[in-house]
Amino acid sequence: MLKNTFFKKSIKRGTKYVMLTAYDALTSRVLEAAGVDFILVGDSVGMVLLGYPNTSCVTMDEMIHHAKAVRRGAPKSCVVGDLPKKGVEKGPKQALLSAKRFRDEAKINVVKIEWGKDCLRSTESIVRQKIAVQGHVGLTPQAVKNATGFRLQGKTAVTALKIFKQAKAFESAGASLLLLECIPWQLAKLIQENVSIPTIGIGAGPYCDGQVLVFQDLIGMFDQFKPKFVRRYAETSAEVKKAVVGYARDVRQNRFPGLGESFSLDAVEFEKLRLAVKRGQTR
Ligand code: KIV
(Lines give C-alpha, C1' and ligand atoms only; values in the text may rest on other atoms or scores of the structure.)
Protein backbone atom coordinates (compact mmCIF):
# COMPACT_ATOMS: atom_id res chain seq x y z
CA MET A 1 0.00 0.00 0.00
CA LEU A 2 1.30 3.47 -0.85
CA LYS A 3 2.08 5.44 2.28
CA ASN A 4 1.43 8.93 0.98
CA THR A 5 -0.68 11.74 2.32
CA PHE A 6 -1.87 12.65 -1.15
CA PHE A 7 -2.59 9.12 -2.23
CA LYS A 8 -6.18 8.23 -1.50
CA LYS A 9 -6.37 4.73 -3.02
CA SER A 10 -4.99 1.58 -1.48
CA ILE A 11 -2.63 -0.20 -3.81
CA LYS A 12 -2.49 -3.93 -3.42
CA ARG A 13 -1.30 -6.81 -5.56
CA GLY A 14 -3.78 -9.06 -7.34
CA THR A 15 -5.70 -6.26 -9.08
CA LYS A 16 -5.14 -5.14 -12.65
CA TYR A 17 -4.43 -1.41 -12.67
CA VAL A 18 -5.31 0.82 -15.57
CA MET A 19 -3.03 3.75 -16.29
CA LEU A 20 -3.24 6.18 -19.22
CA THR A 21 -1.41 9.37 -20.04
CA ALA A 22 -3.07 12.79 -20.19
CA TYR A 23 -1.54 16.20 -20.80
CA ASP A 24 -4.63 18.41 -20.54
CA ALA A 25 -7.92 18.88 -18.71
CA LEU A 26 -10.05 17.86 -21.69
CA THR A 27 -8.48 14.39 -21.70
CA SER A 28 -8.12 13.91 -17.94
CA ARG A 29 -11.84 14.71 -17.52
CA VAL A 30 -12.67 11.83 -19.90
CA LEU A 31 -10.21 9.46 -18.19
CA GLU A 32 -11.60 10.22 -14.74
CA ALA A 33 -15.16 9.71 -15.97
CA ALA A 34 -14.10 6.38 -17.53
CA GLY A 35 -12.66 5.29 -14.17
CA VAL A 36 -8.97 4.71 -14.93
CA ASP A 37 -6.86 4.03 -11.82
CA PHE A 38 -3.89 6.30 -12.60
CA ILE A 39 -3.42 9.25 -14.91
CA LEU A 40 0.20 9.74 -15.95
CA VAL A 41 1.34 13.20 -17.01
CA GLY A 42 4.17 11.71 -19.05
CA ASP A 43 7.12 13.61 -20.44
CA SER A 44 6.02 11.96 -23.69
CA VAL A 45 4.06 15.24 -23.93
CA GLY A 46 7.27 16.57 -25.52
CA MET A 47 7.06 14.27 -28.53
CA VAL A 48 3.28 13.73 -28.72
CA LEU A 49 2.04 17.31 -28.24
CA LEU A 50 4.95 19.74 -28.28
CA GLY A 51 6.79 18.54 -31.39
CA TYR A 52 10.17 17.93 -29.74
CA PRO A 53 12.40 15.20 -31.25
CA ASN A 54 12.76 13.49 -27.84
CA THR A 55 11.51 13.70 -24.27
CA SER A 56 14.76 15.19 -22.94
CA CYS A 57 13.80 18.66 -24.25
CA VAL A 58 10.87 18.90 -21.84
CA THR A 59 11.33 21.35 -18.95
CA MET A 60 9.97 21.12 -15.42
CA ASP A 61 7.93 24.29 -16.04
CA GLU A 62 6.28 22.62 -19.03
CA MET A 63 5.49 19.53 -16.94
CA ILE A 64 3.93 21.67 -14.21
CA HIS A 65 1.85 23.56 -16.78
CA HIS A 66 0.41 20.28 -18.13
CA ALA A 67 0.09 18.62 -14.71
CA LYS A 68 -1.97 21.54 -13.39
CA ALA A 69 -4.31 21.25 -16.36
CA VAL A 70 -4.65 17.48 -15.83
CA ARG A 71 -5.45 18.02 -12.15
CA ARG A 72 -8.09 20.65 -13.01
CA GLY A 73 -9.82 18.12 -15.29
CA ALA A 74 -9.51 15.19 -12.88
CA PRO A 75 -9.76 16.46 -9.30
CA LYS A 76 -10.39 13.00 -7.81
CA SER A 77 -7.89 10.87 -9.72
CA CYS A 78 -4.53 9.52 -8.68
CA VAL A 79 -2.21 11.54 -10.90
CA VAL A 80 1.40 10.56 -11.55
CA GLY A 81 3.83 13.31 -12.57
CA ASP A 82 6.77 12.27 -14.73
CA LEU A 83 10.03 13.87 -13.60
CA PRO A 84 11.63 15.08 -16.85
CA LYS A 85 15.38 14.79 -17.47
CA LYS A 86 15.78 18.55 -17.02
CA GLY A 87 14.11 18.22 -13.60
CA VAL A 88 16.50 15.60 -12.21
CA GLU A 89 19.81 15.76 -14.10
CA LYS A 90 21.53 17.94 -11.48
CA GLY A 91 21.09 15.31 -8.78
CA PRO A 92 18.91 14.36 -5.81
CA LYS A 93 18.48 17.92 -4.48
CA GLN A 94 17.04 19.07 -7.80
CA ALA A 95 14.94 15.90 -8.10
CA LEU A 96 13.44 16.54 -4.67
CA LEU A 97 12.65 20.16 -5.54
CA SER A 98 10.97 19.01 -8.76
CA ALA A 99 8.94 16.38 -6.90
CA LYS A 100 7.82 19.01 -4.39
CA ARG A 101 6.80 21.34 -7.23
CA PHE A 102 4.62 18.55 -8.67
CA ARG A 103 3.04 17.99 -5.24
CA ASP A 104 2.60 21.62 -4.21
CA GLU A 105 1.82 23.34 -7.52
CA ALA A 106 -0.08 20.61 -9.37
CA LYS A 107 -1.36 18.49 -6.47
CA ILE A 108 0.18 15.37 -7.97
CA ASN A 109 -0.02 12.11 -5.93
CA VAL A 110 2.99 10.18 -7.24
CA VAL A 111 6.14 11.11 -9.15
CA LYS A 112 7.78 8.84 -11.71
CA ILE A 113 11.53 8.71 -12.16
CA GLU A 114 13.43 6.92 -14.91
CA TRP A 115 16.44 4.72 -14.22
CA GLY A 116 19.58 6.83 -14.59
CA LYS A 117 22.36 8.57 -12.71
CA ASP A 118 21.44 9.27 -9.06
CA CYS A 119 17.90 7.91 -9.49
CA LEU A 120 18.13 5.76 -6.34
CA ARG A 121 19.41 8.57 -4.10
CA SER A 122 16.75 10.83 -5.62
CA THR A 123 14.06 8.22 -4.92
CA GLU A 124 15.20 7.88 -1.31
CA SER A 125 15.14 11.61 -0.66
CA ILE A 126 11.71 12.03 -2.32
CA VAL A 127 10.26 9.09 -0.38
CA ARG A 128 11.67 10.55 2.86
CA GLN A 129 9.44 13.57 2.19
CA LYS A 130 6.46 11.18 1.94
CA ILE A 131 6.00 11.64 -1.79
CA ALA A 132 5.30 8.31 -3.49
CA VAL A 133 7.62 7.29 -6.32
CA GLN A 134 7.18 5.10 -9.38
CA GLY A 135 10.49 3.76 -10.68
CA HIS A 136 10.80 3.30 -14.47
CA VAL A 137 13.10 0.60 -15.93
CA GLY A 138 13.64 -1.15 -19.27
CA LEU A 139 13.39 1.29 -22.14
CA THR A 140 13.94 4.70 -20.56
CA PRO A 141 13.01 7.33 -23.18
CA GLN A 142 15.14 10.03 -21.52
CA ALA A 143 18.19 8.04 -22.66
CA VAL A 144 16.90 7.97 -26.27
CA LYS A 145 17.84 10.73 -28.74
CA ASN A 146 15.39 10.02 -31.59
CA ALA A 147 12.65 7.61 -32.73
CA THR A 148 15.13 4.92 -33.87
CA GLY A 149 16.30 4.51 -30.26
CA PHE A 150 12.96 3.09 -29.12
CA ARG A 151 14.04 -0.56 -29.05
CA LEU A 152 13.38 -3.67 -26.97
CA GLN A 153 15.64 -3.81 -23.89
CA GLY A 154 16.89 -6.84 -21.95
CA LYS A 155 17.26 -9.22 -24.90
CA THR A 156 20.13 -11.20 -23.37
CA ALA A 157 20.50 -12.78 -19.94
CA VAL A 158 23.15 -10.19 -19.07
CA THR A 159 21.09 -7.12 -20.00
CA ALA A 160 17.88 -8.67 -18.60
CA LEU A 161 19.62 -9.25 -15.25
CA LYS A 162 20.69 -5.59 -15.20
CA ILE A 163 17.06 -4.51 -15.58
CA PHE A 164 15.95 -7.04 -12.96
CA LYS A 165 18.48 -5.58 -10.51
CA GLN A 166 17.36 -2.03 -11.29
CA ALA A 167 13.75 -2.98 -10.49
CA LYS A 168 14.83 -4.53 -7.19
CA ALA A 169 16.96 -1.48 -6.39
CA PHE A 170 14.00 0.87 -6.94
CA GLU A 171 11.95 -1.29 -4.59
CA SER A 172 14.69 -1.15 -1.93
CA ALA A 173 14.97 2.63 -2.34
CA GLY A 174 11.30 2.92 -1.34
CA ALA A 175 9.44 3.13 -4.66
CA SER A 176 5.74 2.27 -4.41
CA LEU A 177 5.21 1.33 -8.04
CA LEU A 178 7.30 0.20 -10.99
CA LEU A 179 6.93 0.97 -14.67
CA LEU A 180 8.38 -1.68 -17.00
CA GLU A 181 8.81 -0.46 -20.56
CA CYS A 182 9.58 -2.47 -23.69
CA ILE A 183 11.13 -5.63 -22.23
CA PRO A 184 10.45 -9.31 -22.98
CA TRP A 185 7.38 -10.61 -21.15
CA GLN A 186 9.41 -13.34 -19.42
CA LEU A 187 11.61 -10.70 -17.78
CA ALA A 188 8.57 -8.63 -16.77
CA LYS A 189 6.97 -11.74 -15.25
CA LEU A 190 10.14 -12.55 -13.32
CA ILE A 191 10.27 -9.00 -11.95
CA GLN A 192 6.54 -9.10 -11.09
CA GLU A 193 7.08 -12.33 -9.16
CA ASN A 194 10.09 -10.99 -7.27
CA VAL A 195 9.00 -7.53 -6.13
CA SER A 196 6.32 -6.67 -3.59
CA ILE A 197 5.20 -3.47 -5.33
CA PRO A 198 2.85 -3.35 -8.36
CA THR A 199 4.37 -3.38 -11.83
CA ILE A 200 2.72 -1.37 -14.59
CA GLY A 201 3.80 -2.47 -18.06
CA ILE A 202 4.03 -0.89 -21.49
CA GLY A 203 5.38 -3.28 -24.07
CA ALA A 204 6.16 -5.69 -21.23
CA GLY A 205 3.53 -8.37 -21.81
CA PRO A 206 0.45 -9.48 -19.91
CA TYR A 207 1.96 -10.54 -16.57
CA CYS A 208 2.33 -7.08 -15.04
CA ASP A 209 -0.04 -5.85 -12.32
CA GLY A 210 -1.32 -3.17 -14.67
CA GLN A 211 -0.89 -1.59 -18.08
CA VAL A 212 -0.23 1.90 -19.35
CA LEU A 213 -0.56 3.38 -22.83
CA VAL A 214 -0.10 6.83 -24.25
CA PHE A 215 -3.67 8.08 -24.73
CA GLN A 216 -2.99 9.42 -28.24
CA ASP A 217 -1.73 5.94 -29.24
CA LEU A 218 -4.84 4.25 -27.85
CA ILE A 219 -7.19 6.53 -29.82
CA GLY A 220 -5.02 6.43 -32.98
CA MET A 221 -4.35 10.18 -32.89
CA PHE A 222 -0.54 9.96 -32.83
CA ASP A 223 0.21 8.51 -36.26
CA GLN A 224 3.94 9.24 -36.69
CA PHE A 225 4.80 5.65 -35.76
CA LYS A 226 3.09 2.74 -34.01
CA PRO A 227 5.12 0.60 -31.63
CA LYS A 228 4.37 -3.17 -31.68
CA PHE A 229 2.88 -2.97 -28.17
CA VAL A 230 0.24 -0.37 -29.04
CA ARG A 231 -3.33 -1.47 -29.64
CA ARG A 232 -5.41 1.27 -31.24
CA TYR A 233 -8.99 1.29 -29.99
CA ALA A 234 -9.99 4.04 -32.44
CA GLU A 235 -8.58 5.75 -35.53
CA THR A 236 -9.19 9.35 -34.58
CA SER A 237 -6.38 10.82 -36.67
CA ALA A 238 -8.19 9.71 -39.87
CA GLU A 239 -11.55 10.85 -38.45
CA VAL A 240 -10.20 14.26 -37.45
CA LYS A 241 -8.56 14.73 -40.86
CA LYS A 242 -11.88 13.84 -42.53
CA ALA A 243 -13.65 16.45 -40.37
CA VAL A 244 -11.11 19.18 -41.23
CA VAL A 245 -11.30 18.40 -44.97
CA GLY A 246 -15.11 18.59 -44.74
CA TYR A 247 -14.97 21.93 -42.92
CA ALA A 248 -12.51 23.39 -45.46
CA ARG A 249 -14.69 22.23 -48.37
CA ASP A 250 -17.83 23.76 -46.84
CA VAL A 251 -16.14 27.11 -46.10
CA ARG A 252 -14.68 27.32 -49.62
CA GLN A 253 -18.04 26.45 -51.22
CA ASN A 254 -19.89 28.88 -48.92
CA ARG A 255 -21.84 26.03 -47.35
CA PHE A 256 -20.71 26.84 -43.82
CA PRO A 257 -22.07 28.51 -41.79
CA GLY A 258 -25.75 28.28 -42.81
CA LEU A 259 -28.34 30.71 -41.49
CA GLY A 260 -29.28 28.04 -38.93
CA GLU A 261 -25.78 28.43 -37.46
CA SER A 262 -26.01 32.27 -37.48
CA PHE A 263 -27.56 34.89 -35.18
CA SER A 264 -30.57 36.86 -36.42
CA LEU A 265 -31.37 40.55 -35.81
CA ASP A 266 -34.95 41.41 -34.84
CA ALA A 267 -36.87 42.56 -38.00
CA VAL A 268 -37.88 45.94 -36.53
CA GLU A 269 -34.31 46.64 -35.38
CA PHE A 270 -32.99 45.64 -38.75
CA GLU A 271 -35.40 48.00 -40.55
CA LYS A 272 -34.21 50.90 -38.35
CA LEU A 273 -30.63 49.97 -39.11
CA ARG A 274 -31.30 49.70 -42.84
CA LEU A 275 -32.98 53.17 -42.93
CA ALA A 276 -30.13 54.73 -40.91
CA VAL A 277 -27.59 53.36 -43.38
CA LYS A 278 -29.76 54.51 -46.34
CA ARG A 279 -29.96 58.06 -44.90
CA GLY A 280 -26.25 58.12 -44.52
CA GLN A 281 -26.38 58.21 -40.71
CA THR A 282 -23.23 56.20 -40.48
CA ARG A 283 -21.08 58.59 -38.39
O1 KIV B 1 6.15 9.63 -20.65
C2 KIV B 1 5.38 8.67 -20.80
O3 KIV B 1 4.28 8.81 -21.33
C4 KIV B 1 5.83 7.36 -20.34
C5 KIV B 1 5.24 6.12 -20.94
C6 KIV B 1 5.94 4.93 -20.46
C7 KIV B 1 3.81 5.91 -20.78
O8 KIV B 1 6.68 7.31 -19.51
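Relevant structure appears above.
In this text the structure is predicted, and so the values were computed from the model without any measurement.

### Things to note about the pairing of strand 4 (residues 110-114)
- Of all the five residues making up strand 4, five are buried; the element is thus mostly covered by neighbouring parts of the structure.
- Looking at chain direction, strand 3 (residues 78-82) and strand 4 are connected through three bridges and run parallel. Within strand 4, the position partnered with V80 by the bridge is V110.
- With five bridges connecting them, strand 4 and strand 5 (residues 132-138) associate as parallel partners.

### Brief notes about the packing of helix 4 (residues 92-106) against helix 5 (residues 119-128)
- Packing of helix 4 against helix 5 brings their axes to within 8 Å, and their N-to-C directions diverge by 45°. In terms of axis orientation, helix 4 runs oblique to helix 5. Like other packed secondary-structure pairs, helix 4 and helix 5 cross with a definite hand, here right-handed. Of the residues in helix 5, those touching helix 4 at P92, A95, L96 and A99 are R121, S122, S125 and I126.
- Grouping the amino acids of the contact of helix 4 with helix 5 by side-chain chemistry returns five nonpolar, two polar and one charged.

### Regarding the sheet that holds strand 5
- Strand order in the closed barrel made by the eight strands is 1-2-3-4-5-6-7-8, with parallel pairing throughout. Each strand axis lies, on average, 25° off the axis of its neighbour in the sheet, ignoring direction.
- In this sheet, strand 8 (residues 210-213) lies alongside strand 7 (residues 199-202) in parallel orientation, the contact comprising two bridges. In the sheet register, G201 faces strand 8, and the bridge partner there is Q211.

### As for the pattern of salt bridges
- Scanning the entire structure with this criterion turns up 13 salt bridges.
- Between E171 and K168 there is a salt bridge, and its shortest N-O distance comes to 3.4 Å. Of this pair, E171 and K168 both sit in helix 6 (residues 157-173), three residues apart, roughly one helical turn.
- According to the relative accessible area criterion, E171 is buried, its value standing at 18%.
- A salt bridge links R274 to E271; the nearest nitrogen and oxygen atoms lie 2.9 Å apart. Here R274 and its partner E271 are both found in helix 10 (residues 267-278), three residues apart, which amounts to about one turn of the helix.
- For R274, a relative accessible area of 37% gives the class partly exposed.
- The network of salt bridges with common partners includes D61, R101 and E105.

The rules behind each value
Residues numbered from 1 in each chain as written. Predicted model: local features only at pLDDT ≥ 70, side-chain atom pairs only at ≥ 80, totals over all residues. Heavy atoms only, no water. Buried < 20%, exposed > 50% of the residue type's maximum accessible area, 1.4 Å probe, protein only. Helix = DSSP H or I, 4+ residues; strand = E, 2+ residues; numbered from the N terminus. Pairing = 2+ DSSP bridges. Axes fitted to C-alpha atoms, helices over the stretch in contact; angles between N-to-C directions. Parallel < 35°, antiparallel > 145°, perpendicular 65-115°, else oblique. Left-handed = near helix turned anticlockwise from the far one by under 90°. Contact = heavy atoms within 4.5 Å. Nonpolar A, V, L, I, M, F, W, Y, C, P; charged D, E, K, R; others polar. Salt bridge = Lys/Arg side-chain N within 4 Å of Asp/Glu carboxyl O.

Read these as geometric descriptors, not functional statements.
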